[in-house]
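Spelled out, the chains give:
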Amino acid sequence: MFLLSKIFWLAVQPLSLAFLLSALGALVTFAGWRRIGAALSGLAAALLFVVLYTTAGGVALQVLEARFARPAEEPALVSCIIVLGGALENEVTTSRGGIELNQAGERFLETLRLAIRHPDARIVVSGGDGSMTGDYEGEAAASERLFTAFGVSPERLVKENTSRTTYENSLQTKDVLAREGLTDCVLVTSAFHMPRSMALFRKAGIPVTPWPVDYRTSGILSLGVDFSQPTSNAQITSTAVREWIGLVAYYLTGRTDAVFPAE
């Protein structure tokens, strides 16, 4: 299922889909079906325009980010902080060592801040190697270098280093919490990723306080044309599409109880 989901995403992410439509249009045109070929090529061009030159992807991501708000005040008691992987460049850290944060790096930075404010809290880092090859260092293992570099004792860390997907994050984390006897946890992940994460953790019976970070939109974005940043628009759209597909897929396969859970 893991490899199948990876292959599926390679095909349906917006730019790949536009390419496949263009290639198919060229093939059917060459075969003599010009109207079908023109329709497919036109569809590919329309998809590219939406992805590159509109704010549609940003608006879709913004809806996800607004679903769970961070509490106005931190809980008085935090016995554990759960942070989901996805914030490290695993290929780079495996070959070069050290810590290379990606765009989701705020997941670890906010966890570090919380860890300093709550010195008795344990830190559960959930995330292994999510690549198709499985050749890279797991994120939970690599994160120890970050936390210890800022004075966090390694004894406070609980490393869940086998999960490759958010679904596996929830299952493996449930076992870790039960084994360590941890409760009163906050869940740290990207704001756009919080709805899917909360749906899975609720399904697994894990009560957590959502603590969204890594916002990618302003929160006041409206639908329109944007010619200023096509590369950024494409990246944001890809992130939004992936997350919405994940929400629907997990619900249809019975892994969550709601397509779009709320607070």
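The rules we used
Residues numbered from 1 in each chain as written. Predicted model: local features only at pLDDT ≥ 70, side-chain atom pairs only at ≥ 80, totals over all residues. Heavy atoms only, no water. Patch = residues over 30% accessible without salt bridge, like charges linked within 9 Å, V, L, I, M, F, W, Y side chains within 5 Å. Areas by Shrake-Rupley, 256 points an atom, 1.4 Å probe, with all protein chains shown as cover. Salt bridge = Lys/Arg side-chain N within 4 Å of Asp/Glu carboxyl O. Helix = DSSP H or I, 4+ residues; strand = E, 2+ residues; numbered from the N terminus. Buried < 20%, exposed > 50% of the residue type's maximum accessible area, 1.4 Å probe, protein only. Phe/Tyr/Trp six-rings, centres within 6.5 Å; stacked < 30°, edge-to-face > 60°. Lys NZ or Arg CZ within 6 Å of the ring centre and 35° of its normal. Contact = heavy atoms within 4.5 Å. Core = buried A, V, L, I, M, F, W, Y, C linked by side-chain atoms within 4.5 Å. Pairing = 2+ DSSP bridges. Polar contact = N/O pair within 3.5 Å; in protein donor to acceptor, adjacent residues only side chain to side chain. Axes fitted to C-alpha atoms, helices over the stretch in contact; angles between N-to-C directions.

J.: Looking at this model, I keep getting lost on a nonpolar patch on the surface. Mind explaining?
T.: Taken together, the side chains of Phe-49, Val-50, Val-225 and Phe-227 present a nonpolar region at the surface, about 380 Å² in accessible area. Following the sequence through the fold, Phe-227 ends up in the loop between strand 5 (208–213) and helix 10 (230–252). Overall, the relative accessible area of 58% leaves Phe-227 in the exposed class.

J.: Looking at this structure, I do not really get the packing of aromatic side chains. What am I missing?
T.: Both the distance between ring centres and the angle between the ring planes are used here to describe each pair of aromatic rings. Counted under the stated rule, the structure contains six aromatic pairs. The ring of Tyr-167 carries the charged tip of Arg-255 above its face, separated from the ring centre by 3.9 Å.

J.: Can you help me understand the environment of Val-92 in this one?
T.: Residue position: Val-92 is located in helix 5 (residues 90–96). The spacing of Val-92 and Tyr-136 is 44 residues in sequence and 8.9 Å in space, taken between C-alpha atoms. Ignoring any residue separated from it by four or fewer positions in sequence, one finds Val-92 in contact with Gly-97 and Glu-100.

J.: Explanation requested: the nonpolar core in the structure shown.
T.: One broad trend across soluble globular proteins is that nonpolar side chains are buried collectively. Residues Ile-81, Phe-108, Ile-123, Val-125, Phe-147 and Val-188 are the most contacted members of the largest nonpolar core, which totals 23 residues. Taken together, the elements giving at least two residues each to this core come down to strand 1 (80–84), helix 6 (106–117), strand 2 (122–126), helix 7 (139–149), strand 4 (185–190) and strand 5. What Phe-108 contacts, discounting residues up to four positions off in sequence, is Val-83, Ala-87, Leu-88, Leu-101, Val-125, Glu-139, Ser-143, Leu-146 and Phe-147. Counting residues in each nonpolar core, the second largest holds 17 residues, with Ile-82, Val-158, Val-176 and Cys-185 among its members.

J.: Help me understand the pairing of strand 2 in this model?
T.: A regular strand places its side chains on the two faces of the sheet in alternate fashion. Of all five residues in strand 2, four are buried, a share of seventy percent or more. Note that strand 1 and strand 2 share five bridges and pair parallel. From the neighbouring strand, Cys-80 faces strand 2, where its bridge partner is Arg-122. Inspection of the sheet shows strand 2 paired to strand 3 (residues 157–160) by four bridges, in the parallel sense. The residue of strand 3 that forms the bridge with Ser-126 is Glu-160.

J.: Which parts of the structure should I look at to understand the side chain of Asp-214?
T.: As for its placement among the helices and strands, Asp-214 is situated in the loop between strand 5 and helix 10. At a separation of 2.6 Å, a polar atom in the side chain of Asp-214 contacts the side chain of Ser-190. Among residues more than four places away in sequence, those in contact with Asp-214 are Glu-65, Gln-103, Ala-104, Glu-106, Ser-190, Ala-191 and Phe-192.

J.: What should I look at first to understand the sheet that holds strand 2 in this one?
T.: Sheet strands pair via backbone hydrogen bonds, and the direction of the pair is either parallel or antiparallel. Strand order in this open sheet of five strands is 3-2-1-4-5, and the pairing throughout is parallel. At either margin of the open sheet sits one strand with a lone partner, and together these are strand 3 and strand 5. In this sheet, adjacent strand axes meet at a mean angle of 20° when their direction is disregarded. Packing against the sheet, helix 6 makes contact with strand 1, strand 2, strand 4 and strand 5, and its axis sits at approximately 170° to strand 1. Of the strands in this sheet, strand 1, strand 4 and strand 5 touch helix 9 (residues 194–203), which is tilted by about 145° from strand 4.

Spatial relationships are all this shows, so hold off on functional conclusions.
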